[in-house]
Amino acid sequence: MENDWQSAIERAHAHSPFLSRAMDRLPELVDLAQSGDGEAMLALARQQGEGIEDLRVALRRERMALALALGLGDLAGAFPVARVCRELSEFADRALDAAIAEAILNRVPDADPAGFFALALGKHGACELNYSSDIDPILLYDPAILPRRERDEPGEAAQRVARRVVETLSAVTDEGYVFRVDLRLRPASEVSPLAISIDAALSHYESSALAWERAAFIRARAVAGDVAAGEAFLAAIRPFVWRKGLDFGAISEISRLTARIRDANPSSQVPGPGFDLKKGRGGIREIEFYAQTHQMIHGGRNPALRLRGTRASLDALAEAGLIPPEDAILLGENYDRLRCIEHRLQMVQDRQTHSLPSRADALDGVAQLHGLPDGAALVAEVQAISEEVGARYDDLLRANAAAQSAFPLPSTGPELEVALDQMGFADPHGIAERVGGWQSGKFKALKSDAAIAAFEAIKPAVLDALARAPEPEPAMLRWERLLAQLPSALNLFHLLEARPGLLELLARIMALADPLAEALARRADLLDPLIDARAFDLPGSVDELAIRFSRREADDGYEQVLDTVRREVGELRFALGVQLVEGTSDPLEIGAALSRIAEAALRVLVEAAMTEFRKAYGTIAESELVILGLGRLGGGMLTHASDLDVVFLFTGEPSAQSDGPRPQGATQYYNRLTQRAIAALSVPTAEGALYEIDTRLRPSGAQGPPAASFESFERYQREQAWTWEHMALTRARPVFGSLQASAEVWGIVREILVAPRDPEKLRGDVLEMRARMAEHKSPAGPLDVKLLRGGLVDLEFLVHFLQLREGTALHPDLGAALAELVEQDLMPAQACEAYETMSRLIIAARLISPDGQVPHETGCAVLAKACQFDDWEALMAALDDARRLVARLWVELLGERMEIEG
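Every value quoted in this text rests on a predicted model; they were computed, and no experiment measured them.

> Tell me about the overall build of the chain, residues and numbers included.
Tallying secondary structure elements over the chain gives 39 helices and 9 strands in all. With the principal axes as the frame, the chain shows a C-alpha extent of 80 × 80 × 60 Å. Put simply, the chain has 902 residues, and 55% of those count as buried. Here the contacts in the chain between residues at least 6 apart in sequence split such that 72% fall between residues at least 24 apart. Summed over its atoms, the accessible surface of the chain is roughly 37,300 Å², and 50% of this surface lies on carbon and sulfur atoms. Computed over 96 positive and 135 negative side-chain charges, the separation of the two mean positions in the chain equals 2 Å.

> Go over the pattern of salt bridges with me, naming the residues and quoting the values.
One pass over the full model with this rule turns up 58 salt bridges. Note that Glu 571 is salt-bridged to Arg 523, the shortest N-O span being 3.5 Å. Here Glu 571, found in helix α27 (residues 558-582), pairs with Arg 523, found in the loop between α25 (514-522) and α26 (542-550); they are 48 residues apart in sequence, far enough to count as distant. For Arg 523, a relative accessible area of 12% gives the class buried. Here Glu 612 makes a salt bridge to Lys 615, at a shortest N to O gap of 2.6 Å.

> For the side chain of Thr 564, give the residues involved together with the corresponding values.
Relative to the elements of secondary structure, Thr 564 occurs in helix α27. Residues within four places of Thr 564 in sequence aside, it is in contact with Phe 549 and Arg 551.

> Account for the packing of aromatic side chains, naming residues and giving values.
Under the definition given, this model contains 14 aromatic pairs. Taking the centre distance of 6.4 Å and the plane angle of 50° together, the rings of Phe 117 and Phe 233 count as tilted. With Phe 117 in strand β1 (residues 116-120) and Phe 233 in helix α11 (residues 227-236), the pair connects residues that are 116 residues apart, well separated along the chain. Comparing Phe 117 with Phe 233, the two get one shared label, buried. Taking 6.2 Å as the distance between ring centres and 70° as the angle between the ring planes, the aromatic pair formed by Tyr 205 and Phe 233 counts as edge-to-face. With Tyr 205 in helix α9 (residues 198-207) and Phe 233 in helix α11, this residue pair connects regions lying 28 residues apart in the sequence. For Tyr 205, a relative accessible area of 4% gives the class buried. A cation over an aromatic ring shows up here: Arg 83 above the ring of Phe 79, its NZ or CZ 4.9 Å from the ring centre.

> Can you explain helix α1 (residues 5-15)? Please cite residues and give values.
Taken together, the buried positions of α1 are occupied by Trp 5, Ala 8, Ile 9, Arg 11 and Ala 12. Buried residues of α1, viewed axially, fall in a sector of 170°; they line one side. Opposite the buried face of α1, by more than 90 degrees, sit the exposed residues Glu 10 and Ala 14. Along its buried surface, α1 packs onto α2 (17-25), α3 (27-34), α4 (38-46), α5 (55-76) and α17 (360-369).

> I'd love a proper account of the nonpolar core, names of residues and values included.
Membership of the largest hydrophobic core comes to 177 residues, with the highest contact counts inside it found for Trp 438, Trp 479, Phe 493, Phe 549, Phe 574 and Met 827. Among all residues touching Met 827, those that are not within four sequence positions of it are Leu 795, Leu 798, Val 799, Leu 802, Leu 818, Leu 821, Val 822, Leu 889 and Leu 893. Residues Leu 19, Met 23, Val 165 and Leu 397 belong to the second largest nonpolar core, which totals 97 residues.

> Can you tell me about the pairing of strand β6 (residues 644-650), naming the residues and giving the values?
Here β6 lies mainly inside the structure; 7 of its 7 residues are buried. Here β6 shows a buried face lined by Leu 644, Val 646, Phe 648 and Phe 650 and a second buried face lined by Asp 645, Val 647 and Leu 649. Strand direction decides the pairing type here: strand β5 (residues 625-630) and β6, joined by 6 bridges, are antiparallel. If you follow Val 626 over to β6, its bridge partner there is Leu 649. Where β6 meets strand β7 (residues 693-694), 2 bridges bridge the pair, whose relative direction is parallel. Within β7, the position partnered with Asp 645 by the bridge is Asp 694. For the handedness criterion, the β-α-β arrangement of β6, helix α30 (residues 666-682) and β7 is classed as right-handed.

> Before we move on, can you summarise the sheet that holds β1 with the specific residues and values?
Strand order in the open sheet made by the 4 strands is β3-β2-β1-β4, with mixed pairing throughout. At either end of the open sheet lies a strand with only one pairing partner, and these are β3 (195-197) and β4 (221-225). The sheet shows a mean angle of 35° between the axes of neighbouring strands, direction not considered. Of the strand pairs in this sheet, β1 and β4 are connected by 4 bridges, and their pairing is antiparallel. The residue of β4 that forms the bridge with Leu 119 is Ala 222. Running over the sheet, α11 touches β1, β2 (137-141) and β4 and is turned about 155° from β4.

> Give a description of the state of the cysteines that names residues and reports values.
Under the definition given, this model contains 0 disulfides. Of all cysteine sulfurs, the one in Cys 340 lies closest to Cys 85, which takes part in no disulfide; the gap is 9.4 Å. Between Cys 832, a free cysteine, and Cys 867, which holds the nearest cysteine sulfur, the sulfur-to-sulfur gap is 17 Å. Overall, Cys 832 belongs to the partly exposed group, its relative accessible area being 21%.

> Report on the packing of helix α15 (residues 310-319) against helix α16 (residues 325-349), specifying residues and quantitative values.
Between α15 and α16, whose axes approach to 8 Å, the crossing angle comes to 175°. With respect to α16, the axis of α15 lies roughly antiparallel. Across the interface between the two elements, Thr 310, Arg 311, Leu 314, Asp 315 and Ala 318 of α15 pack against Pro 325, Ala 328, Ile 329, Leu 331, Gly 332, Glu 333, Tyr 335 and Asp 336 of α16.

> With reference to specific residues and values, describe unusual backbone geometry.
Its identity is not glycine, yet Cys 127 carries a phi of approximately 60°, on the positive side. Within the fold, Cys 127 resides in the loop between α7 (122-125) and β2. At Asp 825, a position not held by glycine, the phi torsion is positive, near 60°. Counting through the fold element by element, Asp 825 comes out in the loop between α36 (814-823) and α37 (830-848). Look at Asp 825 and you get exposed, because its relative accessible area is 70%.

> Go over the pairing of β5, please, and point to the residues and values.
Where burial is concerned, most of β5 is hidden: 6 out of the 6 residues are buried. Of the two faces of β5, the one carrying Leu 625, Ile 627 and Gly 629 and the one carrying Val 626, Leu 628 and Leu 630 are both buried. Alignment of β5 against strand β9 (residues 733-736), held across 3 bridges, turns out to be antiparallel. The partner of Ile 627 across the bridge, within β9, is Phe 736.

What counts, and where the lines are drawn
Residues numbered from 1 in each chain as written. Predicted model: local features only at pLDDT ≥ 70, side-chain atom pairs only at ≥ 80, totals over all residues. Heavy atoms only, no water. Helix = DSSP H or I, 4+ residues; strand = E, 2+ residues; numbered from the N terminus. Buried < 20%, exposed > 50% of the residue type's maximum accessible area, 1.4 Å probe, protein only. Contact = heavy atoms within 4.5 Å. Areas by Shrake-Rupley, 256 points an atom, 1.4 Å probe, with all protein chains shown as cover. Lys, Arg positive; Asp, Glu negative; His and termini not counted. Charge placed at Lys NZ, Arg CZ, Asp CG, Glu CD. Salt bridge = Lys/Arg side-chain N within 4 Å of Asp/Glu carboxyl O. Phe/Tyr/Trp six-rings, centres within 6.5 Å; stacked < 30°, edge-to-face > 60°. Lys NZ or Arg CZ within 6 Å of the ring centre and 35° of its normal. Arc of directions from axis to C-beta. Core = buried A, V, L, I, M, F, W, Y, C linked by side-chain atoms within 4.5 Å. Pairing = 2+ DSSP bridges. Right-handed = clockwise from strand over helix to strand, strands pointing away. Axes fitted to C-alpha atoms, helices over the stretch in contact; angles between N-to-C directions. Disulfide = S-S within 2.5 Å. Parallel < 35°, antiparallel > 145°, perpendicular 65-115°, else oblique.

Structure representation (structure tokens):
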């Protein structure tokens, strides 16, 4: 088929708002496309970042140009899907490499950027990135050679590099973004820092890695930074990835994963509107799993199968006689077809989506972008692919299950099976096998004779509690994760033996609240305080908590202070989570308590950081640090998943000098102090992590210095700040600083907020900001009441609109602001009820349903109780009423119709 550039341009204009905008911005690329010179267009696209000093701008411009060039070339049929994927992957390599080098040189300007590298996994590693993909690198470093400042610890230096790399690539600016960066594939991502030392990573993969990590490393590639070191690392873990002999255990993992995916996506078993091309039956992932399963089984014995690309792997499997050649061809061709359609979906708005649109008009638009007449034709094409692929994948699961059953399994004894059956386990045989393996040496917590003996004493009670848990299988999986991750559980076993009443609570935590189960897997001693009934009391005031966090031994150093606060905060947050699961406290009270804990921790840790900092740099006369809390911290209502939005300010003259051994000007002094304070609050220590700190709301945003003087803060807010920044400022509250300085900054904030505004411009700005947010942040699921239309964000925007328009109700606490707006007849009384319903739900759901999806039946009951409703249906009805109220107010106040989807 001859390339049709004009049709591609027309379809892009008609059906892809993203490409249409790009064409308007880059007409020179469109001219080359119209002339039919795709290679020249692509070459010009690669040059768009040249000569631009700011790396972030350069990468974003190149990314936009490549997206346009590759999109048009794809639509015209000039660039096959493999070429598009390869070009995108190679750009990701370049961008990641440049970001690492820039991050190191930013800190150590004259250094050779060595000792830090990125491993690409998934589609990036296989050079199969899709049109609007994120990247999933693992960042590793060598502490011996990583360039760093003399006073920086290697771990601290590595985290600085990692954070800057992520922000360089992921931050959304006026130029867009480069790549969304997902670091959750790193070892023990729940507890580990963003960048991990080579030795720590090797230890993980040699001793405690999971099966899915093996599959992920099939496609791993050293792509950026110190690539030679990355390749050496991959060589070192080759025995972990490629096991000696045949490994039929891989198929069990893939089978279970497939079952979970299919169960979680029942609507994607038969193609139609809403069908997920990636996770649906006969979709992209099943073709990848088909290849990877064979590779995991046979790759240890046959190095020729150790390939990264899906199509190359299928061809190699056919060449080795492991799959029929015709199946390799069929699956490979259908893989390309599915990836091509996936690209069409993502071209529309530059979003990482894999699902066919549910709306008929949107489905027609994607079909026509793809060159088909309508959505029905597109669905028919996907149906044919899904049936062909799905049939072969189902055959693989059945055939390999039979092959696996031919291998004898170790018996755990019929007596155990009978006991497990009586306890109520649905699959006593399977559970018996798992239990029989607990003491085989694979779990860290069961390595010593003492631990095994202690565990034997509680094992019957543990199994009984897990069987009676609301959801036994998730509870069992999380219990096993705990055994696998804890270096020692002897004290836990003794505690459960002495306090068997904790077992039922432990099982409920394991079944209902994965974040709490994860915390226990890091620190089993979080259960210890729960033997005291006072653990179910709400914590005291900020002052009382600060006193508690400040208790320490006389010879405790700075590191011990950091550990103490992390330990205390961890225990309190865990206890509050248990209160939520058990329904003993109102989520609004829990949210307020979480905020008090964070404020007290901030106060103690910043004071400790200042004390250390002053040893080298002294103090500045008539000047002090002030911290504004914004967002949920400013409003005094955190969730278990909240980060801390803060702005660092300082009083006094920016030209002043400090009086220490190493004097600094005020601006540099406070910028460095701010960095120390952020590290004190965020860097993981032996006691784990504490909070993520977000300072993007500071003057000039992410591009500005970490700290600003009162004078520059006020000038920026009066002369340069956008309306959305003033909206954010409505929730500002001083959380650190003297009473005098806090009052002064609050006075500045209040003067800015009450300044007269053009109501029409304000309305337009609010609508524009909400539209941009909706474009870049989609709801995670039906319980993401923050981002759902008619949810908390929309209600907050309405409150901020009225606060700024009227110059009234200037309370950082959104509930208090709403109450005052109701008193002034600016809001109906029902708005307060809507706010409380949605706030309770988001606080509870962050623990019970952190992915935003509807949980199992017991989880629904827990959420309903937490939100003070009799049942799930009543809660959902109230949520629907709340969202529709917000939608109505949106029309009344802002004049824009809002669609509320169920």
